[in-house]
Amino acid sequence: MGKQLWRVVVAGGAAVVFTAVAAVPAGAAEGGVSFTRVQVNGGKPIVIGVSGEVAVPASFRMATTHAWKWPAVFLYRGGVDDRLWHAVETSDCIDVSSGVCDINETMYFDPSVWDMRNSEAGAWKVGAEVHFEGGGGDTDDEGLTVYVKRNSRLTVNASPEPVSKDRTITVTGKVTRANWETRKYASYGGRLVSLQFKPAGTTSYTTVKKVYANGSGDLRTTVKASKTGTWRWVYYGNTTTGQSASPGDNVVVK
């Protein structure tokens, strides 16, 4: 089974496998079908780790007079054959009016099942398609972009603890990122990471300083501890990597 040419679809409770029906045209209704109200993950990036299934909600409205089966939205890059491999589950037609259906969809991503490549992180276009009873179908470009990102992780340690007021503490940590090919987290060096502090009795963190991780992803800085509270690292991500925050490390100031 070719990774980019085939997709698994579960429609109305029945699993089927099919190939692309056409190249993706720019626009809608070229094949007698109109796709509107297309949404994928609420417009947010799809962030995927190294194991565990990620379920991504999608939805769209389809209008056609054709007898149809297996409608779905999908992610692609250069052309319809360059798709992001994943499983799909779609609802039955939710009737809006004659020939018009709303469809709810879930995309399932799991690097421990599908052979995802690190190069697949980044921007993907959104297409929509449907197959017709008796053969043929329609595939349209929806003019949307979705970012698929590798998950990142951060650790933190602040010491010494407890500490005397206005003495210096050292805050360390490490940035790692999901490697979909090895299915492990690996060092993510050179990242600019924010050190944040939340005073005891409050609910909000404030950025104290920004620090670059070294080539091994290690973080280290010193700050003055003036009050009891919690320290953490936050990485805000990029086009291929999701943002993350470390757990908090509480330091008591005497």
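Please refer to the structure placed before this passage.
Report on the accompanying structure. (Residues numbered from 1 in each chain as written. Predicted model: local features only at pLDDT ≥ 70, side-chain atom pairs only at ≥ 80, totals over all residues. Heavy atoms only, no water.)

### Brief notes about the environment of Ala-225
- In this fold, Ala-225 is placed in strand S17 (residues 218-225).
- Separated by 27 residues in the primary sequence, Ala-225 and Val-252 have C-alpha atoms spaced 9.0 Å apart.
- If near-sequence neighbours (up to four positions away) are discounted, Ala-225 is found in contact with Val-163, Ser-164, Lys-165, Asp-166, Arg-167, Ile-169 and Val-253. (Helix = DSSP H or I, 4+ residues; strand = E, 2+ residues; numbered from the N terminus. Contact = heavy atoms within 4.5 Å.)

### A short note on the nonpolar core
- Judged by nonpolar contacts, the single largest core of 33 residues is most densely connected at Phe-35, Val-40, Ile-46, Val-73, Leu-75, Phe-109 and Val-148.
- Mapped onto this core, the elements with two or more residues apiece are strand S3 (33-40), strand S4 (46-48), strand S5 (54-64), strand S6 (68-76), strand S9 (100-109), strand S10 (122-132) and strand S11 (137-150).
- Sequence-distant contacts of Val-148, that is, excluding residues within four places in its chain, are made with Ile-46, Ile-48, Leu-75, Leu-84, Glu-120, Ala-121, Gly-122, Trp-124, Trp-180, Thr-239 and Thr-240. (Core = buried A, V, L, I, M, F, W, Y, C linked by side-chain atoms within 4.5 Å. Buried < 20%, exposed > 50% of the residue type's maximum accessible area, 1.4 Å probe, protein only.)

### A few points about the state of the cysteines
- Per the stated rule, a full pass over the model turns up 1 disulfide.
- Sulfur-sulfur distance for the disulfide between Cys-93 and Cys-101 comes to 1.9 Å. With the S-S dihedral at roughly -90 degrees, the linkage between Cys-93 and Cys-101 falls on the left-handed side.
- Looking at Cys-93, the relative accessible area reads 26%, which means it is partly exposed.
- Take Cys-101: its relative accessible area is 6%, and that puts it in the buried class. (Disulfide = S-S within 2.5 Å.)

### Some remarks on the packing of aromatic side chains
- With the rule as written, the count across this model stands at 5 aromatic pairs.
- Centre to centre, the rings of Trp-85 and Trp-114 are 5.2 Å apart; their planes meet at 85 degrees, and the pair counts as edge-to-face. You can see Trp-85 sitting in the loop between S6 and strand S7 (87-90) and its partner Trp-114 sitting in the loop between S9 and S10, a full 29 residues away along the chain.
- Here Tyr-188 and Tyr-235 contribute two aromatic rings whose centre-to-centre distance is 6.1 Å and whose plane-to-plane angle is 85 degrees, an arrangement assigned as edge-to-face. Taken together, the residues Tyr-188 in the loop between strand S14 (184-187) and strand S15 (192-199) and Tyr-235 in strand S18 (residues 229-235) connect sequence positions 47 residues apart. You'll find Tyr-188 and Tyr-235 in the same group, each marked buried.
- When the ring centre of Tyr-185 is taken as reference, the NZ or CZ atom of Arg-153 above it lies at 3.9 Å. (Phe/Tyr/Trp six-rings, centres within 6.5 Å; stacked < 30°, edge-to-face > 60°. Lys NZ or Arg CZ within 6 Å of the ring centre and 35° of its normal.)

### Overview of the pattern of salt bridges
- Per the counting criterion, the structure on display carries 5 salt bridges.
- In this structure, the salt-bridge partner of Arg-61 is Asp-102, at a minimum N-O distance of 2.7 Å. Taken together, the residues span a long stretch of sequence, with Arg-61 in strand S5 and Asp-102 in strand S9 at a distance of 41 residues.
- Judged by relative accessible area, Arg-61 falls into the buried class, the value being 16%.
- The partly exposed category is assigned to Asp-102, whose relative accessible area is 22%.
- Across the pair Arg-117 and Glu-120 runs a salt bridge, and its minimum N-O distance is 3.5 Å.
- We classify Arg-117 as partly exposed; its relative accessible area is 31%. (Salt bridge = Lys/Arg side-chain N within 4 Å of Asp/Glu carboxyl O.)

### Considerations on unusual backbone geometry
- Cis rather than trans, the peptide bond between Ser-159 and Pro-160 has omega equal to 0 degrees.
- Take Pro-160: it is sitting in the loop between strand S12 (152-159) and strand S13 (167-179).
- Backbone torsion omega between Glu-161 and Pro-162 reads 0 degrees, so that peptide bond is classified as cis.
- Structurally, Pro-162 can be placed in the loop between S12 and S13.
- Despite not being glycine, Asn-41 shows a phi value in the positive range, around 55 degrees.
- Tracing the chain through its elements places Asn-41 in the loop between S3 and S4.
- With a relative accessible area of 14%, Asn-41 lands in the buried category.

### So, the environment of Ala-67
- Tracing the backbone through its elements, the reader meets Ala-67 in the loop between S5 and S6.
- Residues Ala-67 and His-131, 64 residues apart in the sequence, show an inter-C-alpha distance of 8.8 Å.
- Discounting chain neighbours no more than four positions away, the residues touching Ala-67 are Phe-132 and Glu-133.

### Some remarks on the pairing of S11
- Taken together, the 3 bridges between S4 and S11 define a ladder with parallel strand orientation. Opposite Val-47, over in S11, you have Lys-149 as the bridge partner.
- Bridge count between S10 and S11: 9 bridges; the pairing is antiparallel. Counted as the bridge partner of Val-130 is Asp-138 from S11.
- Counting the residues between successive antiparallel strands, the hairpin from S10 to S11 contains 4 residues, one of them, Gly-134, with a positive phi of roughly 90 degrees. (Pairing = 2+ DSSP bridges.)

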